[in-house]
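Listed here are the chains, written in short residue letters.
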Amino acid sequence: MTAPAIEARGLRKTFRSGSRTVAALDDVSLTLAPGETLAVVGASGSGKTTLARALMRLFDLDGGSVSLRGRDLLALSGAALRAERRHLQMVFQDPAAALNPRATIGRVIEDPLRVHSIVPASRRRDAVSGLLARVGLPADLADRPVHALSGGQRQRVAIARAMATQPAVLVLDEPVSALDVSVRGQILNLLMDLQREDGIAYLFISHDMGVVRAVADRVAVMAAGRIVEAGHTATVFASPQAAETRALLDAVPHLPPRPADEVSR
Amino acid sequence: MSGLSRFRGSADGIAGAAVLALLAIVAIAAPVLSPGDPLNIVGAPLTRPFEAWATPLGTDRLGRDVLAMIVHGARTSLTVGLAAALVAIAVGSAVGTLAGLMGGWIDEALMRVTEAFQTVPGFLLALAFVSTVGPSLAAIVVAIALGAWTGPARLVRAEVLSIRERDFVASARVIGMHPLAIAWREVLPHALPPVVALASVIVAGAILTEAALSFLGLGDPNRATWGGLIAEGRSVLRSAPFLSIWPGLALVVTVLGVHLTGEGVVAALALRRSQA
Ligand SMILES: Nc1ncnc2c1ncn2[C@@H]1O[C@H](COP(=O)(O)OP(=O)(O)OP(=O)(O)O)[C@@H](O)[C@H]1O
Ligand SMILES: [Mg+2]
């Protein structure tokens, strides 16, 4: 077996707001192989976004360890951490909030190329056009401001920004739940195509079991900061063990017929 | 609708901008409009306004041209006002951004310093600084900025505290952007609009402080200043009130122009906010 793309062990995070404390992450462990999709599902408030942000080192954990391609991510800081970040990228839950509203599309996609010196300045415009094409957007969008785009277009731009550094792991925090139903399928197809081409591992956060069945190799179910059930997608869907898993499955009106029909164009 | 066209839709803004534009032209063209040193004696002392062609606004006790001194005083007033406001906003924004982004003890320390400066009246600070360092243009600019940077600092810090929680800042961290680049490129541009709205108040305050300093004889002695002119006219206020009235009028018109322009800027910004 190859080394995991990312591996987290015993993650803990407690939030304190006034006298109330919330154990948002309570001994969470997960492993993600290269090119694999692990879905993390759970009801609202179960700690999915907290898990994503913890892996991205957007705040300090209370305990646990994270290794990215075999390197201890929590031991890094400063320039070493910033350099390592190119291998681990994230698409945020709300595309309206995740892009600087004053920036142009070109700048949003160019930033990671510049920060990690991936493409020399003279060829960056071409690289941006290439990335825009990969996410199905026209190259002339580069000069448009972020606020001129629709939600679906913004999420494509966010995906292009995340793909720019050719990461080993992409954390997708409910990448389609803020989008119009009509564009969800397109974005999911795009993500599946990109994964097939680049072999990126996806940590795919969702609360929609229908989507999860279509995209995930394995599933981890979260409730109140803990992983209450984990296994291969087919197994979990065929014989759900935890009550939370069954509740999530019941929330789907009728499951899509077959993953293949749902995803392929 | 762009911010500029909204500014043009504000009557206050247009009036203020027109006044300021006129003043700026006068200030820039001062050497052409009244060549030579305005402090030279050109006529009989205390000539009344509209008596002599060469000195339409009259002369002071030494026989210096009041109009020339007012025209050159506009240079001093506007230069000092704008420079002091610029320094105050630059320093305040840097302090506020640093405090808001770093948090912890750095924030704590910077805010204590800010509060310490705020407890001392700005004019007292300026007075103390100029009387220690000596009256030069640069010293006066620094002296005024010393009392004016705290407002922008607190405002920017408050803005930064909310901006830093937004996802696009997290996204900048995720792609590995340097913290200073995040502060400069992602956070500061969003924190500045309210400071721009405050700028007119700071500029107007700076112009008045400069006038007050020169009134007290702490202005640059080699330059004609409105405050200095008013002080000069004080001893002959009964016999020749025009000596104080002309520079006083210039001061009022300038400060009014700055405030009205500020109103226009606020209108432009406010509409943009409600649209976003
Ligand atoms: N910064 C914070 N301060 C205090 N509490 C927090 C903070 N962030 C998250 N929490 C709490 O932690 C818990 C988990 O929140 P989280 O956002 O991770 O849930 P989620 O599974 O992503 O939910 P959703 O599906 O609504 O996005 C919630 O109870 C939330 O209130
Ligand atoms: Mg969430």
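Keep in mind that what you see is a predicted model, and the values were worked out from it rather than measured.

**Quick word on the sheet that holds strand 10 (residues 226–232) of chain A**
Residue and element names in this part refer to chain A.
Now for step 1: If you trace the six strands from one edge of the open sheet to the other, you get 6-7-8-3-9-10, paired in mixed fashion. Unpaired on one side and paired on the other, strand 6 (88–91) and strand 10 mark the two borders of the sheet. Between one strand and the next, the sheet's axes are offset by a mean angle of 15 degrees, whatever the strand orientation.
Now for step 2: Strand direction decides the pairing type here: strand 7 (residues 169–173) and strand 8 (residues 201–206), joined by five bridges, are parallel. Note that in strand 8 the partner of Val 169 across the bridge is Ala 201.
Now for step 3: Across the sheet, helix 7 (residues 181–198) touches strand 3 (37–42), strand 7 and strand 8, and the angle it forms with strand 8 is around 160 degrees.

**Brief notes about the coordination of the magnesium ion (ligand 2)**
Residue and element names in this part refer to chain A.
Now for step 1: At this site the magnesium ion (ligand 2) is bound by Thr 49 (OG1) and Gln 93 (OE1), with donor distances of 1.8 to 2.5 Å. Here Thr 49, found in helix 1 (residues 48–55), pairs with Gln 93, found in the loop between strand 6 and helix 3 (95–98); they are 44 residues apart in sequence, far enough to count as distant.
Now for step 2: By relative accessible area, which is 30% here, Gln 93 ends up partly exposed.

**Considerations on unusual backbone geometry**
Now for step 1: One non-glycine residue, A:Gln166, lies in the positive phi region at around 50 degrees.
Now for step 2: When you line up the elements, A:Gln166 lands in the loop between helix 6 (151–163) and strand 7.
Now for step 3: Judged by relative accessible area, A:Gln166 falls into the exposed class, the value being 58%.
Now for step 4: For B:Leu46, which is not glycine, the phi torsion reads 50 degrees and is therefore positive.
Now for step 5: Relative to the assigned elements, B:Leu46 resides in the loop between helix 3 (30–33) and helix 4 (66–102).

**Regarding the pairing of strand 10 of chain A**
Looking along a regular strand, one sees side chains alternate from face to face of the sheet.
Residue and element names in this part refer to chain A.
Now for step 1: Sheet analysis places strand 9 (residues 218–223) next to strand 10, joined by six bridges and oriented antiparallel. Note that in strand 10 the partner of Val 219 across the bridge is Gly 231.
Now for step 2: Counting the residues in the hairpin turn of strand 9 and strand 10 gives two residues, including Ala 224, whose phi is positive at 50 degrees.

**Considerations on the pairing of strand 8 of chain A**
Residue and element names in this part refer to chain A.
Now for step 1: Summarising burial for strand 8: six of the six residues are buried, a large majority.
Now for step 2: Residue alternation in strand 8 divides its side chains into two sets, Ala 201, Leu 203 and Ile 205 and Tyr 202, Phe 204 and Ser 206, and both sets are buried.
Now for step 3: As defined by bridge partners, strand 3 adjoins strand 8 across five bridges and the pair is classed as parallel. Among the inter-strand pairings, Thr 37 is bridged to a residue of strand 8, identified as Tyr 202.
Now for step 4: Between strand 7 and its parallel partner strand 8, the chain crosses via helix 7, and the hand of that crossover is right-handed.

Here is what the cut-offs are and how they apply
Residues numbered from 1 in each chain as written. Chains lettered and ligands numbered in written order. Predicted model: local features only at pLDDT ≥ 70, side-chain atom pairs only at ≥ 80, totals over all residues. Heavy atoms only, no water. Pairing = 2+ DSSP bridges. Helix = DSSP H or I, 4+ residues; strand = E, 2+ residues; numbered from the N terminus. Axes fitted to C-alpha atoms, helices over the stretch in contact; angles between N-to-C directions. Contact = heavy atoms within 4.5 Å. Donors = N, O, S within 2.8 Å, 3.2 Å for Na, K, Ca; no water. Buried < 20%, exposed > 50% of the residue type's maximum accessible area, 1.4 Å probe, protein only. Right-handed = clockwise from strand over helix to strand, strands pointing away.

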